[in-house]
Structure formats: structure tokens, C-alpha cells
Amino acid sequence: MASNLHQPTDLPEVLPLSPRREMLLRAQGHKGFLIGLAIVTLAALCAVLAPVIAPHDPYVQDLTNRLLPPVWQDGGSAAHLLGTDQFGRDLLSRVIYGARVTMLVGVGAVVVSGFIGSLLGLLGGYFGGWVDSAVVFLTSVKLAMPGVLIALSLLTIFGGSLLSITLIVGFLFWDRFAIVVRTATQQLRSSDFITAAETAGASKAWIIGREILPNVLNQIIVVASLEMAIAILVEASLSFLGLGIQPPMPSWGLLVSEGRPYLMFKPYLINVPGLTIFVLVVGINLLGDGLRDILSPRGRA
Amino acid sequence: MNPLVDIRNLHVSIPLTAGDLKVVRGISYTVEPGETFAIVGESGCGKSVSSLALMGLQPKQARVEADRMTFEGADILSMPRAALSRIRGVRLSMIFQDPMTALNPVYTIGDQLTEVYTAHGLGGRKAARERAIDLLERVGLHNAGARMTLYPHQLSGGLRQRVVIAMAMMCHPMLIIADEPTTALDVTVQALTLGILKKLQSEFGTAMILISHDLGVVANVADRVAVMYAGEIVETGTVAEVFAAPRHPYTHGLMSCIPGGAHLGGRLPTIPGTVPSLIGEIDGCVFRNRCHLARGACNHGRIAERLDGGHAYRCIHDPETLARQGQPHAEATR
Amino acid sequence: MLSFFVRRLIVAIAVGITVSLISFALLRMSGDLALVLAGEGATEAEVAETARLYGLDRSFAVQYLDWLAGAVRGDFGRSLFTNEPVLDMMLETVGVTALLAVLSLLFGLVIAIPLGVLAAVRAGGWVDQLALGVAVFGKAVPNFWFALFLVFFFGVQLRWLPISGSQGWQSYILPVIVMGTGVMPQLMRLTRGGMIDVLEADFVRTAWAKGLSPGRVFFKHALRNAILPVVAVSAVSLGFLLGGSVIVESIFAINGIGALAYESIRRVDFPVVQSILFFLSLIYIILTLIADLINARLDPRIRLT
């Protein structure tokens, strides 16, 4: 019966494999992980190779070819596979270049938030006591504040640029890292190898950096992948609201916002970038869930 | 008179990738109305699973097959789910091992007691309440009316198990299956709880299948006993027959290494060796790798059941050989 | 028990004070707020005059304490833009947003709980697959695009529903679907996970052994235990919905507190912005407190230990 799909089954002992090889085998058998990996790889390739792949310059306006429909509709042409926007810019090229913004902000924000959150989590989990109370307190404060509104406020002050968005999103969404890393560190804190390192006289920094961090890294990676999806959605929302990436730079959220006036007659202008965000975020989530299954098959959250 | 429970050639297996895990391998027994039938054996010998199968509560992935498995003459195996639900809790009920987890933590004990009565349409809320209070008094929870509003965590383990016993009796069942009913309890309240169970059972004329690994409990409470090993019943008979003159080397080993005979709290002693793998068929006697009487003839086929009146056992050796050579004490070999 | 809630309350108050400080400081991070308010090309004298007018020439601590003292009495100052009392502006708009958030939460729960229960009962079956699909969709769909798509499909193509405004119950349908979809995946995963654990529990086996119907076993005995974490998360989700309604309010032209915040942020109306940030955080803090209380009511083990 397939009822125990999500539970470890009582498999009899099989030949022991090296952990890395076992992980690789699990990855190869994990459909969601493979699909997610393919989508994310594709987006990354678009971002890196945008100038090579994109059929047109995403910034060049061509007012004679405004609002061309995509190729599968009447009046569409192969020159503009996904049609053009209100300034005659090629939509496909803008979507491809938009991957740069999305991936840069997504990865950058997660690096920032991952650093802040993991550091807080490690400190709180390892030292306990008032340090831990402070970390928990900071996390509660962070959770209580409306993130999107704060991001919007900060953006009006600092202006919407790639750097400011990346930093702001990074500073606002570190809580999950802190919570997960703190719990994991607490569990490790009392294990024998930490006690051994302490008795051997290792410094606290060394223990945190060399003994604990490598052991919570898997969990950080899983959270990072899931948080990247959120960072991408937040960037798109901020840009959609007009306070994030500023035109004419192509951000997917901005593309949807630019297509909004044409909702009624040119729905592809919002649906193409909207679907693109959706597919990428699905991909990242599949990748993240897959990583969790692969990296910690027994420690399902 | 027809037996209350009639099980013939019951098999329970769980499919695994390495093959079928055969937890119960062709056991047969009957339970008469009002009697107490004990099943003893080490954990993993199949004693719990076989009686869960009688309730239709075996693990989801388990496969149950039998030539015959009836309760009050009705075939349990072919019974639709809904019909099975109608007799569960009413005609046959169950007492589980751990009273700390067997009761739902978020409902009062009154709610959990009356529920089984009203859900089966035996009466209204008022009648159910009266019955519940009466039963709670009988199991020794005084001032039961006031205690109906307590939550399980407000009672000690012993009292909780009494609530579980009362709950099993709510609908006046013909049979109670008690799966290690006192094992999880404090030693000091084991005898008391067992006494309450026994008293209620005789007052209501209810039959009981008692699953236990505690020989003392079995000796005190049961009329007949079946000894299970590796999914098989290796010996069965009245308590007097089996305890006084065991015919199977496994039973013999169990009995002989209890100094001073069976007493309450006497757990199953350890016999050297390990239980054979339960995956796939076992050729020959299931006990032979731990039996010092084993010889060539023990290695092949299924050992036939030998009868001596009501006393049945699966061993090719004569009782005299067993009595003379015995089975070494567990302590002596350790 | 009581001491637990007293401690919990003290922490909540401390969090509230910290939040008020951050809300207040946030817009002052740009440096000189007077410079922004005086406008580009203002002379030094004009900037100094602006600073004096808005009390920005005082020290930060004095400004903050002054504002906090007012806020505690319900005086959040006046809008720089409309000169209305900020409290009135917030009270006028928060009702619509609260209604939207509550309806969205209910929508999320109405889908999440039955789907989560059924998915757990037949883990791996088609309902489970469907639930997984719905969760993946809800987590990944950008709400602004989903909103526009629904407007396009139901409002423009089918002409079934109004596409903006907050008049009449029909205008709430699309916003509620969009916002409810956002919070639903987490609620469903929690329900499913909790149910899978609880269905293995001994007391559920007891319920089966009592011959209870599957409906009673799943919904009365299992769900009540599995739902405890869902209650806590519901409160958090409600807070999240209240603070995250900006996009939906702007797309559907709903005059809620999110739209007010957005507008005020755009015109640097700092008394309004800081007050809304503080106000919404305060609601969130209160909601999580209430969630703890509800949890204690539902779980007698917490209540009495």
C-alpha cells in the first residue's frame, strides 16, 4: 500500500554506501528535486547568458512595433516571439534580462539574511542564557513588524536600486535562519564531540565555526533555498508597487506592473512575466523541499 | 456450545522489499464464553498482532489470512468495515497497554466513557452517564460523578487504566482483549488493577484474551494458555497442564528458570540464542536453533501438533526426554 | 500558569516598546527629515524653519518620548499631508483591512483543514497529491499577478465579479481568494503533518477499538489534537494578512490601512507611516498573545499545569 510514501520504511540492511554516493542516488530518484534543479538552472543560465540568448536589446524602443502580440496569436511574428510592450521593446528579451535582476536579488538577499540569521542562531543556540534571550527577543521584534511596509518605507528613503533592494530584503527576512539554526545548535550543543572539543581547550569561535557550523550547514542550505523563493516574490512585489527596481530596468514584477493598463486587451503582457515568476518560484520550492529530503532523509521537518 | 472465538490457521504477514515478514504463521485457537485465555510470548512473537487482527485493527499494510476467524459465529474476515465497527466496542472491546497514551488528552474521561455507549445507540446521554458512573465506582474511582469532568492527565497511571477498563466494559461486551494491561503500570498497582479487571470480568461473565509476557499474571488470572514463539503457538493447554508439565522445550525453558515457580511480576526469562528471521518460510522447528534437544528430524517441514487430551504442543520429542534432559537454565548459561 | 502569562505579557510589552522605537526611528534613518520635507532646492533657512515647525530640531530622545507619550493616550499626531489626526485615519481604514484579513484567514482555513485531514488520512493518495499541488501553487504564485489574473478572468472575461472597490460583498471575493491562497499552504501542511502524527497515536487506536465511525475518529479525536499548532499559526497568519494587504488593496482599490500606509510612504508622511507600523505590530503582538490563550483553552494539559 502506498500509504507510507512520506515515512521511512523498514528497509532491511543493504550494502553500506558512502554518504555522498547515497545522497547522489537519492537525488537521482527524487523527481521534484530534478524538476526544480532544471528550472533554477535554466533561470541561472538566462541570467548569466542574457546578452547571448536575448534576441533583442531589452532597452531599445521601437514605436512602430508597439504592443505586438506573441507569435501564437494573429499578427504575431517570429521576430518577437512573446510580442512587444507599449514602447515596442521585445518582451522575451526583457524577460530574459529580468532573470538577472531576479537571480541577483534572490541570491544576494539570501546571502545577507542567511549571514545575519545564522550568526544570531549560532550565538543564541551555543551560548544560551542572556545571549539566547536577546536573540529570541530580536526575532520576536522582527516577526512583529510588517515586513513589506518596512521595506517600502526604507525604499522611499534609500531609493530603489539593485543594491538597496538586496540589502533591505536581506535585513528583513533573516528570522527563519535564526530559528532553525538556533534549534539545531541547541541540539548539537550537548553532543559528545562538542564537549570533547571544549575539554580539549578549543576556543569558542573555533567550536562554533569548525564544529557546529559544518553540522548545521545542511539545514542552512535548505532554509536558504526556501527563503530565496520568498526574496524573489518580495522583490517582484516591491517592484510591482513601483518602489523597487526602477524603469527602464527589466524586473519581472515591474513588467507585470507596466502591462497592467493593457490587462483587458493584451493580457500576455502581465501573464508572461507573472507565469515566469510563478514557475521559477515553484522550481526553487521543489529544489528546496528536495534538498531537505536528500540531505536529511530522517529529519523531516 | 459454539466457541465465542474460533480461529483456524491464521496468518498475518507484512510485505517488505526483502520479502514477506510473516508475523503470525498459522495459529489456531478457540475461546469459550466467560473463560480467560492467555497468550504468552516474547515481544515480537506475534501475540499482539494476532489479536489486533481479530478486531480488524492490524497495521494498515498487514495482510491477514485464515481458514476461519469467527466471533460469535460471524466471519470477521469477510465482514464489511461498517459491520465490524458495530461490534467493536460493543460485543468485543480492547484494553491497551499504555494508559498514559490510550486516552485522548483533550476530552474529559466522562466524555470518552459515555461516547462509546451513545455512539452505538445503546441509550441517551443520561443513561450513558449513569452507566459510566456506575462502572467508575465499580473499578474503584470513588465520587465518580464529580470525577467525570476530569481530564486524563489529572489521573495517575493506575487510575487511568481503571478508566480504560471501565470504558471497555461500557457496552457489556462478550469478549475483552487485554493487551499487556498491567505492564506499563507501577509494580505496586499491578495486582490491584488485575484484580479489578478480573472482578469485573466475572461479574459480567465476559470472556478475555489476555496478552502478556508476565508468567505470574497468566498463572493468577488465566484458565487456558497458549505459548507463542516466532509467530507460532508452540504449546497450548490449561494453565495447570502447561505450567506443571510443559511439553515444549521453549515452555520448559521458561518455566524451569523461574526460581520458586511462577509469581506475579515474573517476567519471561531470557533463553540463550536469538529468534529466527521472520522473513519468508521457516523450514523445520522454529525453536531448533535455541533448543539443545534439536536433531536432524527437527530441521525439516512444519512440526506437527501432538495432542494429549486438551494439551497440544509442536515438538517431536517425548515428554519423558524433555523432563529428563530439560532445558538449561537461562541463569546457568549466563 | 499565571506566572507564565505574566512573563509572556512582560516580554510582549518589551517587544512593543522596541517596535515603537524602530517604527519611530525608521524614517529618520535618511538623515535629515527636514531636508526631505522642505523639498528640493530649499534654502538653509527654510530647512531650519521646517525643522522647527515639526519639532525636528529637538533631540531624538525628546521627539520619541513625546510621540510615545501621545501614542499611549491615543494621540498619534497629525498627518503632514491632510492635517487629519492620524488615529482617525487609521481607525477609518483598519476596519476594511481587518474584515479582509479575517475573511481571507477563514477562506484559507476552510480549504486547508479538510484538505489537510483528507491528505493525511490517505497519505500518498490522490487527495494528498492534490493538496500538495494546491500548496505549491499557493506558496509560489505572486499575489499581484494572481490578483490581476483573477480580475482579468472573472471581472473582464466572465464579468461575474466587480474588479475594484469595497462596496458590497461581491467586491471582497477576489481579494479574499488572493490573500487566503497565500496563507493556506502553511495551514494545510500543519494540519496534514499534525494529523499524520496523531493518527498513529494510541488514543486514535482506542477510538477505532470503540467502534466509532471514521468521521468521529478523524474529526473528533484526531483533528482536535492535530489542530493545536494550526490555531497558533492562524493568529500569526492574521497578523501577516493585516500587514501584507498593501498589494491586494492597491490592485482592488480598497481603502484599507495597507493602502493608507502605501500612500503615506510615497508622500513621506512620517507621522502616519510610523504610527501605522507601530499599530500593526501592536496588533500582531496582541494576536500572538491571544493565540497562546486559545491554545491553553484547547489543550487542558497547558491549562492546568
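Residue numbering note: each chain is counted from 1, following its sequence as written. Working convention: letters from A go to chains and numbers from 1 go to ligands, in the order in which they are written. Two thresholds apply to this predicted model, a pLDDT of at least 70 for residue-level local features and 80 or more for giving and counting side-chain atom pairs, whereas whole-chain, interface and lining totals are computed over all residues. Side-chain descriptors were evaluated using all non-hydrogen atoms of the structure, hydrogens and water having been removed beforehand.

Draft legend 1. Inspection of the side chain of A:E235 at higher detail. The helix count covers DSSP runs of H or I at least four residues long, the strand count covers runs of E at least two residues long, and both are numbered beginning at the N terminus. Following the sequence through the fold, A:E235 ends up in helix α9 (residues 204-240). Sequence-distant contacts of A:E235, defined by excluding residues within four places in its chain, comprise A:V101, A:T102, A:V105, A:I165, A:I245 and A:S251. Whether two residues are in contact is decided by their heavy atoms, any of which lying within 4.5 Å being enough.

Draft legend 2. A look at the packing of helix α11 (residues 268-295) of chain A against helix α7 (residues 143-157) of chain C. Orientation is described by axes fitted as lines to C-alpha atoms, over the contacting stretch for helices, and by angles from 0 to 180 degrees between their N-to-C directions. Between α11(A) and α7(C), the least distance of the axes is 9 Å, while the angle of their chain directions is 140°. In terms of their interaxial angle, α11(A) and α7(C) are classed as oblique. For α11(A) against α7(C), the interelement crossing comes out left-handed. Along its contact with α11(A), which presents A:I270, A:N271, A:G274, A:L275, A:I277 and A:F278, the element α7(C) presents C:F144, C:W145, C:L148 and C:F149. Any residue outside Ala, Val, Leu, Ile, Met, Phe, Trp, Tyr, Cys, Pro, Asp, Glu, Lys and Arg is labelled polar, Gly included; the first ten of those are nonpolar and the last four are charged. Class assignment for the residues of the contact of α11(A) with α7(C) results in eight nonpolar, two polar and no charged. In what follows, roughly perpendicular refers to angles from 65 to 115 degrees, roughly parallel to angles under 35, roughly antiparallel to angles over 145, and oblique to any angle outside these ranges. It is the rotation of the near helix from the far one that decides the hand of a crossing: anticlockwise by less than a right angle makes it left-handed, clockwise makes it right-handed.

Draft legend 3. Inspection of the sheet that holds strand β10 (residues 224-229) of chain B at higher detail. Residues and elements named next belong to chain B. For two strands to be treated as a pair, DSSP must find no fewer than two bridges joining them. Strand order in the open sheet made by the eight strands is β7-β8-β9-β3-β10-β11-β13-β12, with mixed pairing throughout. Edge positions in the sheet fall to β7 (92-95) and β12 (306-308), since each of these pairs with one other strand and no more. When strand polarity is set aside, the average angle formed by the axes of neighbouring strands in this sheet is 15°. Pairing of strand β8 (residues 175-179) with strand β9 (residues 207-212), which is carried by five bridges, proceeds in the parallel orientation. Bridged to I177 within β9 is I209.

Draft legend 4. Local environment of a nonpolar patch on the surface. Residues and elements named next belong to chain A. Within this analysis, patches are made of residues with over 30% relative accessible area and no salt bridge. Like charges are joined at 9 Å or less; nonpolar side chains (Val, Leu, Ile, Met, Phe, Trp, Tyr) at 5 Å or less. Note on areas: these come from Shrake-Rupley sampling with a 1.4 Å probe, and a residue is covered only by the protein chains present in the view. By convention in these notes, a salt bridge is any Lys or Arg side-chain nitrogen within 4 Å of a carboxyl oxygen on Asp or Glu. A surface patch of nonpolar side chains, about 460 Å² in accessible area, is lined by L45, V48, L49, V52 and I53. By the element assignment, L45 lies in helix α2 (residues 31-53). Its relative accessible area of 43% is what places L45 among the partly exposed residues. For the exposure calls, accessible area comes from a 1.4 Å probe over protein chains only, and a residue counts as buried if that area is under 20% of its type's maximum, exposed if over 50%, partly exposed in between.

Draft legend 5. Focus on the side chain of C:S275. Turning to its location among the elements, C:S275 is positioned in helix α14 (residues 270-298). Once residues lying within four places of it in the same chain are set aside, the contact partners of C:S275 are C:W67, C:F76, C:V86 and C:M90.

Draft legend 6. The nonpolar core, seen in detail. To define a nonpolar core, start from buried Ala, Val, Leu, Ile, Met, Phe, Trp, Tyr and Cys residues and group those joined through side-chain atoms within 4.5 Å. Membership of the largest hydrophobic core comes to 226 residues, with the highest contact counts inside it found for B:Y29, B:L54 and B:L175. For this core, the leading source of residues is α9(A), giving 18 residues. Those residues in contact with B:L175 that sit more than four places away from it in its chain are B:L4, B:V5, B:V31, B:L54, B:F71, B:R91, B:L92, B:S93, B:T206, B:A207, B:M208 and B:I209. The next biggest cluster of nonpolar side chains, apart from the first, holds 63 residues, and it includes B:L159, B:L194, B:M208 and B:Y229.

Draft legend 7. Local environment of the interface of chain B and chain C. At the junction of the two partners, chain B supplies 28 residues and chain C supplies 20 residues. At the boundary of chain B with chain C, total buried surface from both sides reaches about 2,300 Å², with 56% on carbon and sulfur atoms. Here C:K220 makes a salt bridge to B:D111, at a shortest N to O gap of 2.8 Å. In the analysis that follows, any N or O atom pair within 3.5 Å is treated as a polar contact, provided that within protein one partner can donate a hydrogen and the other can accept it, and provided that, for residues neighboring in sequence, both atoms belong to side chains. Run the count over chain B and chain C and you get 15 residue pairs in polar contact (both at pLDDT 80 or more). Counting residues per element, the ones that place at least two in the side of chain B that touches chain C are α1 (47-55), α2 (81-87), α3 (99-102) and α4 (109-119) of chain B. In terms of residue count, the dominant contributor to the side of chain B that touches chain C is α4(B) (five residues). Of the residues assigned to the side of chain B that touches chain C, the class counts are 14 nonpolar, eight polar and six charged. Defined here as a combined quantity, buried area equals the accessible surface (1.4 Å probe) lost by two parts on assembly, summed across both.

Draft legend 8. Structural view of the state of the cysteines. All names here are of chain B. In this description, the term disulfide denotes a pair of cysteine sulfurs within 2.5 Å. Enumeration over the complete set of coordinates arrives at zero disulfides over all chains. The thiol of C285 is not disulfide-bonded; the next cysteine sulfur, from C298, is found 5.8 Å away. In this structure C285 comes out as buried when scored by relative accessible area, which is 12%.

Draft legend 9. Fine view of the domain arrangement of chain C. Residue and element names in this part refer to chain C. Structurally, chain C comprises domain 1 (2-72) and domain 2 (86-300). An automatic or database domain assignment supplies the residue ranges for each domain. Here domain 1 and domain 2 have C-alpha centroids that lie 32 Å from each other. Taken together, the contacts link 19 residues of domain 1 with 14 residues of domain 2. Of the roughly 1,500 Å² buried between domain 1 and domain 2 on both sides combined, carbon and sulfur atoms contribute 79%. Taken as a group, F5, R8 and L27 account for 32% of the area that domain 1 buries against domain 2, more than any other trio of residues on that side. Linking domain 1 to domain 2 there are one salt bridge. A salt bridge links D292 to R8; its shortest N-O distance comes to 2.5 Å. Viewed at the interface, domain 2 and domain 1 are joined by one residue pair in polar contact (both at pLDDT 80 or more). Looking at the side of domain 1 that touches domain 2, the elements with two or more residues in it are α1 (2-26), α2 (33-38) and α4 (60-72). Among the elements that take part in the side of domain 1 that touches domain 2, α1 stands out by supplying 11 residues, more than any other. In terms of residue class, the side of domain 1 that touches domain 2 is made up of 14 nonpolar, three polar and two charged.

Draft legend 10. Seen up close, the confidence of the model for chain B. Residue and element names in this part refer to chain B. In the predicted model, chain B carries a mean pLDDT of 86, and the fraction of residues at 70 or more is 92%. The quantity called pLDDT is the predictor's confidence in a given residue, expressed from 0 to 100. Note that residues 260-264 has pLDDT below 50 and, in this model, 12 contacts with residues that lie over four places away or in other chains. Predicted confidence is poor over residues 329-334, with pLDDT under 50, and the contacts of this stretch with residues over four places away or in other chains come to nine contacts.

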